[in-house]
Amino acid sequence: NFVTIEANDLRRMVRATAFVSVRKDDSVSVGQEAMKCLAIHCAKDDIKIYAANPYLFSSCLKTHENNGADFNVLIYAEDINEAINAFQNKEIQIFADDKFMYLADDYTFISLRIVNAKELTINTTLKKIETNKNLILGTIKRACLLSTDRKMIRILLKANKETNLLNIQGKSDRGSINEDIEAIIDGKDAEICLNGSYLLEVLNAMDCENTEIRFDAADERIPMLVKNGDDEVVTDSTYAIALLKRK
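No experiment lies behind these values; they were computed from the predicted model shown.

Undergrad: What's the story with the nonpolar core in this structure? I'm lost.
TA: Within soluble globular proteins, side chains that are nonpolar tend to cluster in buried spots. I80, I94, M101, L103 and M224 are the most contacted members of the largest nonpolar core, which totals 65 residues. It is helix α1 (residues 7-18) that contributes the most residues to this core, six residues altogether. Leaving out residues up to four positions away in the same chain, M224 has contacts with L157, I192, L194, L199, I213, R214, F215, Y239, A240, I241 and L243. Judged by nonpolar contacts, the second largest core, of eight residues, contains A39, F57, Y76 and L225.

What follows is the structure, encoded as structure tokens:
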């Protein structure tokens with residue numbers, strides 16, 4: 001049995017998740033090989049693709065008709081990213097056995113070695129904030145300019161239910177930023193702290209007009225989730241960013 005998916009949809013899904021993965025030739029701790037991979041779950045009515053490293057998590061969902069394929073595999077992100085660019089047809093067929101996942105169209109047949117099988121789950125019962133993606137992206141870009149090493153900038157997000165404003169603060173030896181953007185805030189006032197460079201990566205990877213943010217301000221161990229907030233969604237992507245402790 002196999003599942004058929006639009007080639008462009010599969011490319012979008014891989015692009016929306018693969019950037020989180022560690023490169024194949026990078027060193028990882030024992031038991032952390034999954035950080036180099038995409039977890040691909042093909043079920044009755046949808047395809048889900050996940051990626052994770054210690055700081056970022058991403059997932060992408062595409063609803064489709066499935067003629068019976070049902071599998072859960074882990075594939076090196078670099079392998080599938082390279083493979084999907086070889087296809088010429090509009091549609092790609094996907095199926096798997098115990099050792100390989102296969103991609104095929106009328107002209108091309110590619111087998112990708114399965115690393116192992118894994119399923120990731122996330123908690124979605126969190127505080128929700130909705131805002132325009134370009135508004136928050138612009139502020140985060142300006143905040144990241146303050147970073148001295150371009151890898152780390154502490155950002156404080158403060159949600160004000162009464163004013164429906166999301167306050168974004170950041171500072172370093174180079175200066176500080178304190179800006180408010182309009183948002184729809186569900187729940188009580190709250191604040192969280194995170195690395196702004198990770199949020200910038202996620203926002204740049206998203207193709208949408210509106211952004212939905214979810215987090216648990218009472219538990220910093222639970223990552224912040226960022227997803228497409230548009231009503232019309234082609235592929236439903238979710239990204240997670242580890243929170244920092246508030247000073």
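So, next bit.
Undergrad: How should I be thinking about the confidence of the model for the protein chain in this particular structure?
TA: In low-pLDDT regions, the fine details of the predicted coordinates are not to be read closely. Per-residue confidence for the protein chain averages 83 on the pLDDT scale, and 85% of its residues sit at or above 70. Counting contacts from residues 117-125, a segment whose pLDDT is below 50, to residues more than four positions away or on other chains yields 16 contacts.

Undergrad: Just to check I follow, could you spell out the environment of L61 for this structure?
TA: Mapped onto the fold, L61 is located in strand β4 (residues 56-63). On the basis of relative accessible area, L61 is assigned to the partly exposed category, the value being 24%. Measuring from C-alpha to C-alpha, the distance between L61 and S237 comes to 6.2 Å, with 176 residues separating the pair along the chain.

Undergrad: Explain the pairing of strand β2 (residues 37-42) to me, please; I cannot follow it from the model alone.
TA: Residues in a regular strand project their side chains so that they alternate between the two faces of the sheet. Counting buried residues in β2 gives six out of six residues, a clear majority hidden from the surface. In this sheet, strand β5 (residues 71-76) lies alongside β2 in antiparallel orientation, the contact comprising six bridges. Counted as the bridge partner of C37 is Y76 from β5. Once β2 ends, the chain turns through three residues before running back antiparallel as strand β3 (residues 46-52).

Undergrad: Explain the pairing of strand β15 (residues 210-215) to me, please; I cannot follow it from the model alone.
TA: The buried count for β15 comes to five of six residues, which makes it a mostly enclosed element. Relative to strand β16 (residues 224-228), β15 runs antiparallel, the two sharing four bridges. Looking at the pairing, R214 lines up with L225 of β16.

Undergrad: Help me understand the pattern of salt bridges, please; the structure alone is not making it clear to me.
TA: Once their charged atoms are close, side chains differing in charge can pair, the charge on each being opposite to the other. Scanning the entire structure with this criterion turns up four salt bridges. Among the salt bridges present, the one from D9 reaches R12, with a minimum N-O distance of 2.2 Å. A residue pair is termed a helical-turn pair when its members lie 3 or 4 positions apart in one helix, as D9 and R12 do in helix α1 at three residues. Residue class for R12 comes out partly exposed when judged on its relative accessible area of 31%. Between E191 and K158 there is a salt bridge, and its shortest N-O distance comes to 4.0 Å. Residue E191 is located in strand β14 (residues 190-195), and its partner K158 is located in strand β10 (residues 154-160); the two are separated by 33 residues in the primary sequence. Judged by relative accessible area, which is 31%, K158 ranks as partly exposed.

Undergrad: Just to check I follow, could you spell out the sheet that holds β10 for this structure?
TA: Two strands in a sheet stick together by hydrogen bonds in their backbones, pointing the same way (parallel) or opposite ways (antiparallel). Strand order in the open sheet formed by five strands is β12-β11-β10-β14-β18, and the pairing between neighbours is antiparallel. Only two strands of the sheet have a single neighbouring strand rather than two, namely β12 (175-182) and β18 (243-244). Sheet analysis places β10 next to strand β11 (residues 165-172), joined by six bridges and oriented antiparallel. Counterpart to I155 in the pairing with β11 is G170. Of the strands in this sheet, β10, β11 and β12 are in contact with helix α3 (residues 133-144), which crosses β12 at around 175 degrees.

Analysis parameters
- Residues numbered from 1 in each chain as written.
- Predicted model: local features only at pLDDT ≥ 70, side-chain atom pairs only at ≥ 80, totals over all residues.
- Heavy atoms only, no water.
- Core = buried A, V, L, I, M, F, W, Y, C linked by side-chain atoms within 4.5 Å.
- Buried < 20%, exposed > 50% of the residue type's maximum accessible area, 1.4 Å probe, protein only.
- Helix = DSSP H or I, 4+ residues; strand = E, 2+ residues; numbered from the N terminus.
- Contact = heavy atoms within 4.5 Å.
- pLDDT = per-residue confidence, 0-100.
- Pairing = 2+ DSSP bridges.
- Salt bridge = Lys/Arg side-chain N within 4 Å of Asp/Glu carboxyl O.
- Axes fitted to C-alpha atoms, helices over the stretch in contact; angles between N-to-C directions.

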